[in-house]
Amino acid sequence: MGKGGAGKQHIQATQQHVDQLLEAFTELRAQRGSNEAELLDKYWWLISDTTLRRFITANNCDVDAAQAQILSHLEWRGPYGVDTITEEDFSDMAALNELYWRGFNNKGYPILVWNAARHNASGVIPAERYTRYFVYLLETGARDFFGGSEKPGLFSIMLNAKGVGRRNIDFAMMKLAGPIIEVSGEMCSRWVGGWGNSE
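Residues numbered from 1 in each chain as written. Predicted model: local features only at pLDDT ≥ 70, side-chain atom pairs only at ≥ 80, totals over all residues. Heavy atoms only, no water.

Chemist: Could you give an account of the nonpolar core, with specific residues and numbers?
Modeler: The tendency in soluble globular proteins is for nonpolar side chains to be buried side by side. The biggest cluster of nonpolar side chains holds 20 residues, and the ones touching the most others in it are L99 and Y133. At the level of secondary structure, the elements contributing two or more residues to this core comprise β4 (110-115), α6 (127-146), β5 (155-160) and α7 (171-185). At eight residues, the largest contribution of residues to this core is made by α6. In this view, L99 contacts L112, V113, W114, Y133, F134 and L137; residues no more than four positions away in its chain are not counted. The next biggest cluster of nonpolar side chains, apart from the first, holds 19 residues, and it includes A13, V18, I47 and A66. (Core = buried A, V, L, I, M, F, W, Y, C linked by side-chain atoms within 4.5 Å. Buried < 20%, exposed > 50% of the residue type's maximum accessible area, 1.4 Å probe, protein only. Helix = DSSP H or I, 4+ residues; strand = E, 2+ residues; numbered from the N terminus. Contact = heavy atoms within 4.5 Å.)

Chemist: Tell me about the pairing of β5, and please be specific about residues and values.
Modeler: As a general feature of sheets, a regular strand has side chains that alternate between the two faces. Counting buried positions over the six residues of β5 gives five, a clear majority of the element. Relative to β5, β4 runs parallel, the two being bridged by five bridges. Residue pairing for β5: I111 is matched across the bridge by S156. (Pairing = 2+ DSSP bridges.)

Chemist: Before we move on, could you go through the pairing of β4 and cite the residues and values that matter?
Modeler: The buried fraction of β4 is high, at six of six residues. Along β4, one buried face is formed by P110, L112 and W114 and the opposite face, lined by I111, V113 and N115, is buried too. Two elements, strand β3 (residues 99-104) and β4, share four bridges in a ladder whose sense is antiparallel. Along β4, the bridge assignment pairs Y100 with V113.

Chemist: Which residues make up the packing of helix α1 (residues 15-29) against helix α4 (residues 63-80), and what values go with them?
Modeler: It is at 10 Å that the axes of α1 and α4 come closest, and there the two elements cross at 50 degrees. In terms of orientation, α1 lies oblique with respect to α4. When the axes of α1 and α4 are compared, the crossing they make is right-handed. The segment α1 lies against α4, with H17, Q20, L21, A24, F25 and L28 engaging V63, A66, Q67, I70 and L71. Grouping the amino acids of the contact of α1 with α4 by side-chain chemistry returns eight nonpolar, three polar and no charged. (Axes fitted to C-alpha atoms, helices over the stretch in contact; angles between N-to-C directions. Parallel < 35°, antiparallel > 145°, perpendicular 65-115°, else oblique. Left-handed = near helix turned anticlockwise from the far one by under 90°. Nonpolar A, V, L, I, M, F, W, Y, C, P; charged D, E, K, R; others polar.)

Written out as structure tokens, the structure reads:
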């Protein structure tokens, strides 16, 4: 069993599951003219064993559910501009020192640090900007740490909740980022409260 978002237990995908999903996507891609075939053509570079294994594990080896989730993700990438988001300037957000990648845990998974007490929920920075920065970090992390590798594609989120109060609770941001955090949580080896080793 593997650990997913929020410490949930997941059934680990086998190579048989990966091969099954790859075969299904190959058949879909061959159906020329369909929306699914166009998406798969555009993002075939994302359909690696590592990606398939991650989504299958996140769905407890339900290959059909993993297939639907991947297709939904591919469809979302275009309108949101994920493909070019790494070219955007987020130096203002990085300067806040609220969210950032920092090192690796003892299993070799990269760590995304979240200093929740640094979040300003007053609306000075729009919730859309915070959410987009989160997606930017996930995308740059995926490319930098997992691009073209056979690593499991997992990471840890280290949540520093020290000093968090009502001023940090941002309902507008959570409404936008909630679904993204939920999905990305399935790629986490573990969510960790406070400072410390994530495994």
